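Listed here are the chains, written in short residue letters.
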Amino acid sequence: MTILHKLRPGWGLLPVAVFLAIWEIVARLNLIPGQFFFPPFSAVVAEFYYLSASGVLGENFLSSLVRVLIGFCAGSVAGIVVGTIMGWKKVANRALNPIVSLFYPIPTLGWIPLLMLWIGINEMLPITLIFICSFFPVLYNTVTGIKNVDSDYIKAARTLGASDGKILTTVVMPLALPNIFTGLRLEAGMAWRVIIAAEMVAIPTGIGALLMKAESLIRIDIIIVCLIVLAVMCLTFEKFFEYLEARLTAKWR
Amino acid sequence: MPSITLKNVCKYVCQDINLEIFDKELLVVLGSNGAGKTTLINIIAGLVDYKGSVLFNDIPVDKLPANKREVGYLFQGLVLFPHLDVVANIAYGLSAQRWPRPQVEARVDELLDLMNIKHLASRYPKQLSGGERQRVALARAIASSPRVLLLDEPLSSLDAKTAKYLRTELKQLQRRLGITAVYVTHDLMEAVEMADRVAVIQGGQVEQVAEPEKVLFYPEGERVADFIGSPNILDCDYCRDLGQGIAEVGCGGLKLTVPHEGGEVRKVAILPRHIYVSETRPPGLSVNGFQGSITAIKPVGNTVRIWIDVDDTNLMAEVPSYIFEEMNLAEGKEVFLILRMRRIRCYESNN
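Predicted, not measured: the structure shown is a model, and the values here were computed from it.

As a further point, take the overall build of chain A. Helix and strand content of chain A: 11 helices and 0 strands. When its helices and strands are written in sequence order, chain A yields α-α-α-α-α-α-α-α-α-α-α. Rg of the C-alpha trace for chain A: 23 Å, well past the compact-globule value of 18 Å for 253 residues, more than 25% over. Each principal axis of the C-alpha atoms in chain A carries an extent, and together these give about 75 × 65 × 30 Å. Classification of the 253 residues of chain A by burial places 43% in the buried group. Contacts in chain A between residues far apart in sequence, at least 24 positions, make up 71% of those at least 6 positions apart. When the accessible surface of chain A is split by element, carbon and sulfur atoms take 73% of a total near 13600 Å². Averaged over its 19 positive side-chain charges, chain A has a centre that lies 11 Å from the centre of its 14 negative ones.

Here it is as structure tokens:
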């Protein structure tokens, strides 16, 4: 194996390193006026360390993470269950599709005023928002995935003696997995974007709330720390589902 | 007693179909596209609702859903489950029918041996060739020893050579297992090669059910004759066995070398499309090569029919229009013909 081959896996990080170096130099040389507004990368790292060591970052991060996990898991499971019923049973699809089509186009953040009044400002508010944000896209992808399964596979399973339940669980659902994962992957990142927005608007804890506090104190370094945490979490969630999808479907796709 | 009986069955194009399929026979359902062939076997499988009655061993099964009819179905596209490996594909039906696990494993092992695919056990369908996929699909279809095996043009997606090989293997396997089978095809020669009996279906009606040679030599009605493609049928004066599964027969002034199964050949048939026409003498030795003069030319759809006098016999050949346009053929012109030996069908007296 040549040196180039050995280096190749790390090459993806090269542009990031170059970007950070330029950032550091530009900030240190005061090329952009007002150091308040453009702290060097090293200052951001120092602030990250300070926020982590003091527990502020961990506490807020944990609040956001728990909300995302609960809302996303509940929304996804509900989306997969309802989507499966709609995709599998024509009657259910006919009954539910008009309602789903009506609610799906509403932007998730558009629900905030209504939910503030209905639920109040408490933990359930961001969780419900994440639920809504995850539910509809996962539902649509599940319905599409199930409907796209070639009917010959279903006929084949039926002639082999499989019951409807067995066909659904052993043929249709596995073949719909790629579509379901597309929904999960996209919404995993979206859940983080929504939680930040919700916390900025209505909830006093979490990464979004920390962002708002930093803004009022003009602490650009803290804002950047929060944004980096957000970017890393979006990426981590998306990559996790990408990995899971590959593990479950790469062998046969 | 017939193994499967269809009484006044109607669905889509199929109207009032009456058909009996005997135990352990391979019945080929032959017809053009849209004739109702696939609908017919879907009715037997219970995959579509229908009017009329289907009986298995004289017991009506109309109320039984597809998963209770105990049929094996080999689909046109084979339809192996892409997310399951070969073993899991074969075992699928057995597990669905709640066979105990040790029995499932033993049966799958037996089928892997029978189909000679043990080395493919852990592969996924996308990792298999067309022929291998066909074997796996067949193993899956027969795994639970179905009452009837339904085959919907299963070889149509394969190349000619593999299809021919698998056709023979399929026929041998059906005989060995003694399974009743219904094989759907639009290919006359495939039907003749495979069938114990042929049911010709056109426009949703069963036009003729008979042994392949009878369908070929004595088509009942214009629709069957049209579909079969008006073969040249020649009466034979004598038959001399040459060994190696071939014989020399005399048909009027023509001496033909034909495939031979041991009986006295009384008639031979060859489809017009299986007669090659050339303006120049083909090089080298040619079996069944003749010279004759064109008596008539008539375009029919995308082909051109050419009638040629060879000695006292008038033969009809058929060439695609685009080839005819490149040739310089006219009535009265002398041409050379080759009758493809392996495509000649014989009606032997022991038939």
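This next bit is on the pairing of strand 3 (residues 26-30) of chain B. Residues and elements named next belong to chain B. Of all the 5 residues making up strand 3, 5 are buried; the element is thus mostly covered by neighbouring parts of the structure. Of the strand pairs in this sheet, strand 3 and strand 8 (residues 180-185) are connected by 5 bridges, and their pairing is parallel. The residue of strand 8 that forms the bridge with Val 28 is Tyr 183. Relative to strand 9 (residues 197-202), strand 3 runs parallel, the two sharing 4 bridges. When the sheet's bridge partners are listed, Val 29 is paired in strand 9 with Ala 199.

All names here are of chain B. On the basis of which strands lie adjacent, the open sheet formed by 3 strands has the order 11-15-21 and antiparallel pairing. The sheet terminates laterally at strand 11 (232-235) and strand 21 (345-348), the two strands that pair on one side only. Between one strand axis and the next, the sheet turns by 20° as a mean value, whatever way the strands run. Both strand 11 and strand 15 (residues 265-270) contribute to a ladder of 4 bridges, which runs antiparallel. Each residue of the ladder has a partner; that of Ile 233, found in strand 15, is Ala 269.

All names here are of chain A. The topology assignment puts Ala 43 in helix 3 (residues 41-54). Judged by relative accessible area, Ala 43 falls into the partly exposed class, the value being 27%. For the pair Ala 43 and Ile 222, spaced 179 residues apart in the sequence, the C-alpha separation amounts to 9.7 Å.

What follows is about the pairing of strand 1 (residues 2-11) of chain B. Successive side chains on a regular strand alternate, one facing one side of the sheet and the next facing the other. Residue and element names in this part refer to chain B. For strand 1, the tally of buried residues reaches 8 of 10 residues, placing the bulk of the element in the interior. Sheet topology note: the strand 1/strand 2 (residues 14-22) ladder contains 6 bridges and is antiparallel. From the neighbouring strand, Val 9 faces strand 2, where its bridge partner is Ile 17. Both strand 1 and strand 4 (residues 51-56) contribute to a ladder of 5 bridges, which runs antiparallel. Note on strand 4: the bridge partner recorded for Leu 6 is Val 54.

Residues and elements named next belong to chain B. Annotation of chain B at the domain level lists domain 1 (2-228) and domain 2 (234-348). Centre-to-centre separation of domain 1 and domain 2, based on C-alpha positions: 34 Å. With 10 residues of domain 1 at the interface, the matching set in domain 2 holds 9 residues. For the pair domain 1 and domain 2, the summed buried area comes to about 910 Å², and 73% of that belongs to carbon and sulfur atoms. The largest contributions to the domain 1 side of the interface with domain 2 come from Met 189, Phe 217 and Tyr 218, which together make up 57% of the buried area. Inspection of the region where domain 1 meets domain 2 yields 1 salt bridge.

Right, let's talk about the interface of chain A and chain B for a bit. Counting from both sides, the interface comprises 21 residues of chain A and, opposite them, 20 residues of chain B. Overall, the association of chain A and chain B removes approximately 2000 Å² of surface from exposure, summing both partners, and the carbon and sulfur fraction of that is 67%. At the junction of chain A and chain B, the tally comes to 0 salt bridges. There are 6 residue pairs in polar contact (both at pLDDT 80 or more) connecting chain A and chain B. For the side of chain A that touches chain B, the secondary structure elements donating two or more residues are helix 8 (151-159) and helix 9 (164-201) of chain A. In terms of residue class, the side of chain A that touches chain B is made up of 11 nonpolar, 4 polar and 6 charged.

Let us look at the side chain of Gln 134 of chain B. Here Gln 134 of chain B lies in helix 4 (residues 130-142). Assessed through its relative accessible area of 1%, Gln 134 of chain B is described here as buried.

We now examine the packing of helix 4 (residues 56-88) of chain A against helix 11 (residues 220-249) of chain A. All names here are of chain A. Packing of helix 4 against helix 11 leaves a shortest axis separation of 12 Å and a crossing angle of 35°. Our pair here, helix 4 against helix 11, has a crossing hand that is right-handed. Along its contact with helix 4, which presents Leu 57, Phe 61, Leu 65, Val 68, Leu 69 and Phe 72, the element helix 11 presents Val 225, Val 229, Met 233, Phe 237 and Phe 241.

With that settled, consider the packing of aromatic side chains. Residues and elements named next belong to chain A. According to the stated counting rule, one finds 18 aromatic pairs over all chains in the structure shown. Centroid distance Phe 61 to Trp 192: 6.1 Å. Interplanar angle 10°. Geometry classified as stacked. With Phe 61 in helix 4 and Trp 192 in helix 9, this residue pair connects regions lying 131 residues apart in the sequence. For Phe 61, a relative accessible area of 21% puts it in the partly exposed group.

Once that is clear, we can look at the packing of helix 4 of chain A against helix 9 of chain A. All names here are of chain A. Put simply, helix 4 and helix 9 touch, their axes get as near as 8 Å, and they point 145° apart. At the point where helix 4 passes helix 9, the crossing takes the right-handed sense. The residue inventory of the contact of helix 4 with helix 9, partitioned by class, reads 16 nonpolar, 3 polar and 4 charged.

Calculation rules
Residues numbered from 1 in each chain as written. Chains lettered and ligands numbered in written order. Predicted model: local features only at pLDDT ≥ 70, side-chain atom pairs only at ≥ 80, totals over all residues. Heavy atoms only, no water. Helix = DSSP H or I, 4+ residues; strand = E, 2+ residues; numbered from the N terminus. Rg over C-alpha atoms; globule rule 2.2 N^0.38 Å. Buried < 20%, exposed > 50% of the residue type's maximum accessible area, 1.4 Å probe, protein only. Contact = heavy atoms within 4.5 Å. Areas by Shrake-Rupley, 256 points an atom, 1.4 Å probe, with all protein chains shown as cover. Lys, Arg positive; Asp, Glu negative; His and termini not counted. Charge placed at Lys NZ, Arg CZ, Asp CG, Glu CD. Pairing = 2+ DSSP bridges. Axes fitted to C-alpha atoms, helices over the stretch in contact; angles between N-to-C directions. Domains from an automatic or database assignment. Buried area = accessible area lost by both parts, 1.4 Å probe. Salt bridge = Lys/Arg side-chain N within 4 Å of Asp/Glu carboxyl O. Polar contact = N/O pair within 3.5 Å; in protein donor to acceptor, adjacent residues only side chain to side chain. Nonpolar A, V, L, I, M, F, W, Y, C, P; charged D, E, K, R; others polar. Left-handed = near helix turned anticlockwise from the far one by under 90°. Phe/Tyr/Trp six-rings, centres within 6.5 Å; stacked < 30°, edge-to-face > 60°.

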